[in-house]
Amino acid sequence: MYSFLGKIAAIILKVFSKITVKNLDNLPKDTGFIIACNHIGWVDIVGLGVALLPRQIHFMAKKELFKRKPVAKFLTSLNAFPVDRKNPGTSSIKTPVKLLKEGNIVGIFPSGTRNDHAPIKRGAVTIANLAKVPIVPCAYSGPTNIKDVLKRKKINIIIGEPMTISVKGKEELLQKTDELSKQIHKLETEIISIKK
């Protein structure tokens, strides 16, 4: 289902929104990794998924979306898995850590909300540290909804250099989280210069 819908989404976005992806070569090829991106609307999820095809991303999604069985089944078929954002616990970490250790890609929006000014959370660094995989910072600019897509608003995606994660204690965790935040912000600034 992921591959099928991914190809359809790729056609739609290429027709209506020209996609420019910079630095695809930065993506690790021999290990699982987290791709951490800013989050400004639901189209960035689709855009990021299309940018990495044929490789597939397993996205974290708020558990409220999985309340209805048909919706839950559909989201699961697209490699999404539920996370309790209000009360994150060990169960929220086990699934992504397992996926990463199996060599998969996990997509995380560290701000946890569709707001490009929201402070990022520690989850991405925590999970990467437990799974012993790198985090690849990424930035998205473009349509946030279907109306923007139909207006042919262009999509720009920049992939940063992988960050090695090996932290001990809360202080180092916060330092790496701050570093990740700065890297994503730097990439967002680069996108602005591309758009000009």
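Conventions used here
- In every chain, residue numbers begin from 1 and rise along the written sequence.
- In keeping with the predicted nature of the model, local features appear solely for residues at pLDDT of at least 70, side-chain atom pairs appear and are counted solely at 80 or more, and the whole-chain, interface and lining totals rest on all residues.
- For side-chain calculations, the full set of non-hydrogen atoms in the structure is used, while hydrogens and water are omitted.
- A run of H or I in DSSP counts as a helix once it spans at least four residues, and a run of E counts as a strand once it spans at least two, with each numbered from the N terminus.
- Buried residues are those whose accessible area, probed at 1.4 Å on protein chains only, stays under 20% of the maximum for their type, while exposed residues exceed 50% and partly exposed ones sit between those limits.
- In this analysis, two residues are considered to be in contact whenever any of their non-hydrogen atoms come within 4.5 Å of each other.
- Counting rule applied: Lys, Arg positive; Asp, Glu negative; His and chain ends not counted.
- All charge positions are set by atom: Lys at NZ, Arg at CZ, Asp at CG, Glu at CD.
- If DSSP finds at least two bridges between two strands, the strands pair.
- Lines fitted to C-alpha atoms define the axes, with helix axes restricted to the stretch in contact, and inter-axis angles between N-to-C directions lie between 0 and 180 degrees.
- To sort the angles, those under 35 degrees are grouped as roughly parallel, those over 145 as roughly antiparallel, those from 65 to 115 as roughly perpendicular, and the leftovers as oblique.
- To form a nonpolar core, buried Ala, Val, Leu, Ile, Met, Phe, Trp, Tyr and Cys residues must be joined to one another through side-chain atoms within 4.5 Å.
- The rule is short: rings of Phe, Tyr and Trp, with Trp giving its six-membered ring, pair when the centres are within 6.5 Å, and they are stacked under 30 degrees, edge-to-face over 60, tilted in between.

A. Highlighting the overall build of the protein chain. The number of helices and strands found in the protein chain is seven helices and seven strands. Helices and strands in the protein chain line up, N terminus first, as α-β-β-α-β-α-β-α-β-α-β-α-β-α. For the protein chain, the proportion of its 196 residues judged to be buried stands at 44%. Partitioning the contacts of the protein chain with sequence separation of at least 6, the portion at a separation of at least 24 is 71%. Placing the 33 positive and 15 negative side-chain charges of the protein chain at their respective mean positions leaves the two points 8 Å apart.

B. Representation of the sheet that holds strand S4 (residues 81–83) within the structure. Overall, mixed pairing links the seven strands, which are arranged S1-S7-S6-S2-S5-S3-S4 in an open sheet. Each edge of the open sheet carries a strand with a single partner, namely strand S1 (19–22) and S4. Each neighbouring strand pair of the sheet contributes to a mean axis angle of 25°, computed without reference to strand direction. Against the sheet, helix H2 (residues 43–52) engages S1, strand S2 (33–37), strand S3 (57–62), strand S5 (105–108), strand S6 (135–141) and strand S7 (155–159), with an angle of about 170° to S3.

C. Molecular detail of the packing of helix H1 (residues 2–16) against H2. At a minimum axis distance of 9 Å, the contact between H1 and H2 shows a crossing angle of 105°. If you check the angle between H1 and H2, you find them roughly perpendicular. Of the residues in H2, those touching H1 at Tyr2, Gly6, Ala9, Ala10 and Leu13 are Val46, Gly47, Gly49 and Val50.

D. Broad picture of the nonpolar core. Ile35, Leu48, Leu52, Ile57 and Ile157 are the most contacted members of the largest nonpolar core, which totals 24 residues. The set of elements that each furnish at least two residues to this core consists of H1, S2, H2, S3, S6 and S7. Apart from the residues within four sequence positions on either side, Leu52 is in contact with Leu27, Ile35, Ile57, Ile105 and Ile159. Listed in part, the 22 residues of the second largest apolar core include Ile34, Ala131, Met163 and Leu173.

E. Summary view of the pairing of S2. Of all five residues that make up S2, five are buried, and the element is covered over most of its length. Neither face of S2 is exposed, since Phe33, Ile35 and Cys37 on one face and Ile34 and Ala36 on the opposite face are all buried. Bridge analysis of S2 against S5 gives four bridges, and the strand direction is parallel. Across the sheet, Phe33 pairs through a bridge with Ile105, a residue of S5. Where S2 and S6 come together, four bridges link them in parallel fashion. Looking across to S6, one finds that Cys37 is bridged to Cys138.

F. Expanded view of the packing of aromatic side chains. Per the stated rule, a full pass over the model turns up one aromatic pair. Ring geometry for Phe59 versus Phe109: centroids 6.0 Å apart, planes at 10°, classification stacked. With Phe59 in strand S3 and Phe109 in the loop between S5 and helix H5 (123–131), the pair connects residues that are 50 residues apart, well separated along the chain. Given a relative accessible area of 12%, Phe109 falls into the buried group.

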